[in-house]
Amino acid sequence: MELEYGTDYSYWYQVNEKKLHDTVQASFKKHHYDDETEKFIVDVCNISYFKHIFDNTMSIFLLPFVSATSRNALLNRGIMFVASTELFAEMLAYTGKYESLLDIGAGCGNVTIKFSSLFKDVFVTETSPTMRQRLQSKGFTALEVENWSSRTYDVISCLNVLDRCHEPMKLLEDIRDCLTPTGGSALVALVLPYHGSVEEGQVWQRQRQPLPIKGATFEEQLSSLVVDILEPMGFELNLATKVPYLCSGDLQARYYSLSDCLLSLNVRPSTTSSKCNSIGSD
């Protein structure tokens, strides 16, 4: 991850909109550095030096036994931030109409919390057993990774997961098929430029079936993601923006950031599958 210092964060949100495909350009809205992002930066900058030393020491001790994700869960470090509650609500054009949310790959739930208050029922998935325990301790209903696609949801969020699984195209198809047929929405975040890798134990492996994204720049890859992958799959773009994908730091840096695209999607009715049951169905 790129080290970030300084106080002017406007560049986190800058995009050359003229270089976006017409479809993306029409739905793109530039975001800004908001209060919740500021609070995250202040909070992680206030983490004590001794906490970082302790975390680093314990992480080295745990290295032979558990994955990096589970170590972060055990030590409550590597805290992530994608967007504020206000931005999530804007992306969903929230009017109080949604009841159920599924957050795929929810981690320790710090990002899920930002928009879980918008829903009555919140479901999550996570492959790390330690992360699952943290999610359950926060009151979320953790579903088995293999079983979540047996029902429908009003909103499915997939935030920075497509580059961390072996079959991202299949995951997108499952998301499409499991959205509520009338009015369901998906929230997708992906770090661009795209670099796919999957954590397997203590080792990171290349994705077996990476997304066929074209181009080199943020603008080119965002356009390709929408036009070459999402639209042919039956998704329609409602809103797109660029945000920093933030992570609390360590002994080397106070925090880290990557460039994230954040997309709000609907599904064309003619492409919705009937394979998923409604919430509560057997």
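Below, the discussion takes up unusual backbone geometry. Following Leu 192, the chain continues into Pro 193 via a peptide bond in cis, with omega recorded as 0°. For Pro 193, the position within the fold is in the loop between β7 (185-191) and β8 (197-200). Of note, Asn 160 is a non-glycine position whose phi angle comes to about 60°, a positive value. Structurally, the position occupied by Asn 160 is in the loop between β6 (155-159) and α8 (168-177).

Looking at the secondary structure, you find His 166 in the loop between β6 and α8. There is a polar contact of 2.6 Å between the side chain of His 166 and the side chain of Glu 200. Not counting chain neighbours up to four residues away, the residues in contact with His 166 comprise Val 198, Glu 200, Arg 206, Gln 207, Arg 208 and Gln 209.

A few words on the confidence of the model for the protein. Atom-level detail of predicted coordinates should not be read off regions where pLDDT is low. Within the protein, residue pLDDT values average 89, and 93% of them lie at 70 or more. Confidence, read as mean pLDDT per element, is least for strand β1 (residues 2-3) in the protein (41) and greatest for helix α9 (residues 218-230) (98). The low-confidence segment residues 1-5 (pLDDT under 50) makes 17 contacts with residues lying over four places distant or belonging to another chain.

Attention shifts here to the packing of aromatic side chains. All chains considered together, the criterion is met by 11 aromatic pairs. Judged by centre distance (6.2 Å) and plane angle (55°), the ring pair of Trp 12 and Tyr 33 falls under tilted. With a gap of 21 residues between them, Trp 12 in the loop between β1 and α1 (22-27) and Tyr 33 in the loop between α1 and α2 (35-45) connect regions that are remote in the sequence. Judged by relative accessible area, which is 26%, Tyr 33 ranks as partly exposed. Between Phe 123 and Tyr 153 the ring centres are 5.9 Å apart and the planes differ by 65°, which places this aromatic pair in the edge-to-face class. Pair noted here: Phe 123 is in strand β4 (residues 121-124) and Tyr 153 is in the loop between β5 (141-142) and β6, with a separation of 30 residues, a long-range link. A single burial state applies to Phe 123 and to Tyr 153, both of which are buried. Ring-pair connections join several aromatic residues into one group, and the members of that group are Tyr 9, Tyr 11, Trp 12, Tyr 33 and Tyr 255. Arg 151 extends its terminal NZ or CZ atom over the ring of Phe 123, reaching a point 5.2 Å from the ring centre. Directly above the ring of Phe 218 sits Lys 242, whose terminal nitrogen or CZ lies 4.8 Å from the centroid.

Among the secondary structure elements, Thr 23 is positioned in helix α1. The class for Thr 23 is partly exposed, based on a relative accessible area of 27%. Spatially, the C-alpha atoms of Thr 23 and Asp 177 are 23 Å apart, while their sequence positions differ by 154 residues. Here Thr 23 is in contact with Val 226, Glu 231 and Leu 237, once residues within four sequence places are set aside.

Once that is clear, we can look at the pattern of salt bridges. Overall, the coordinates contain 9 salt bridges when judged by the stated rule. Between Asp 174 and Lys 170 there is a salt bridge, and its shortest N-O distance comes to 3.0 Å. Here the residue Asp 174 and the residue Lys 170 both occupy positions in helix α8, the gap between them amounting to 4 residues, near one helical turn. The closest approach of N and O atoms between Glu 200 and Arg 208, which form a salt bridge, is 4.0 Å.

One finds Trp 148, Leu 222 and Leu 263 to be the most contacted residues of the largest nonpolar core, which totals 41 residues. Listing elements by their share of this core, those giving two or more residues are β3 (100-104), β6, α8, β7, α9, β10 (235-248) and β11 (255-267). By residue number, the principal contributor to this core is α9, which donates 6 residues. Non-local contacts of Leu 222, meaning those with residues more than four positions away in its chain, are made with Leu 20, Val 24, Phe 28, Leu 192, Cys 261 and Leu 263. Counting residues in each nonpolar core, the second largest holds 28 residues, with Phe 88, Ala 106, Leu 118 and Ala 142 among its members.

How each quantity is defined
Residues numbered from 1 in each chain as written. Predicted model: local features only at pLDDT ≥ 70, side-chain atom pairs only at ≥ 80, totals over all residues. Heavy atoms only, no water. Helix = DSSP H or I, 4+ residues; strand = E, 2+ residues; numbered from the N terminus. Polar contact = N/O pair within 3.5 Å; in protein donor to acceptor, adjacent residues only side chain to side chain. Contact = heavy atoms within 4.5 Å. pLDDT = per-residue confidence, 0-100. Phe/Tyr/Trp six-rings, centres within 6.5 Å; stacked < 30°, edge-to-face > 60°. Buried < 20%, exposed > 50% of the residue type's maximum accessible area, 1.4 Å probe, protein only. Lys NZ or Arg CZ within 6 Å of the ring centre and 35° of its normal. Salt bridge = Lys/Arg side-chain N within 4 Å of Asp/Glu carboxyl O. Core = buried A, V, L, I, M, F, W, Y, C linked by side-chain atoms within 4.5 Å.

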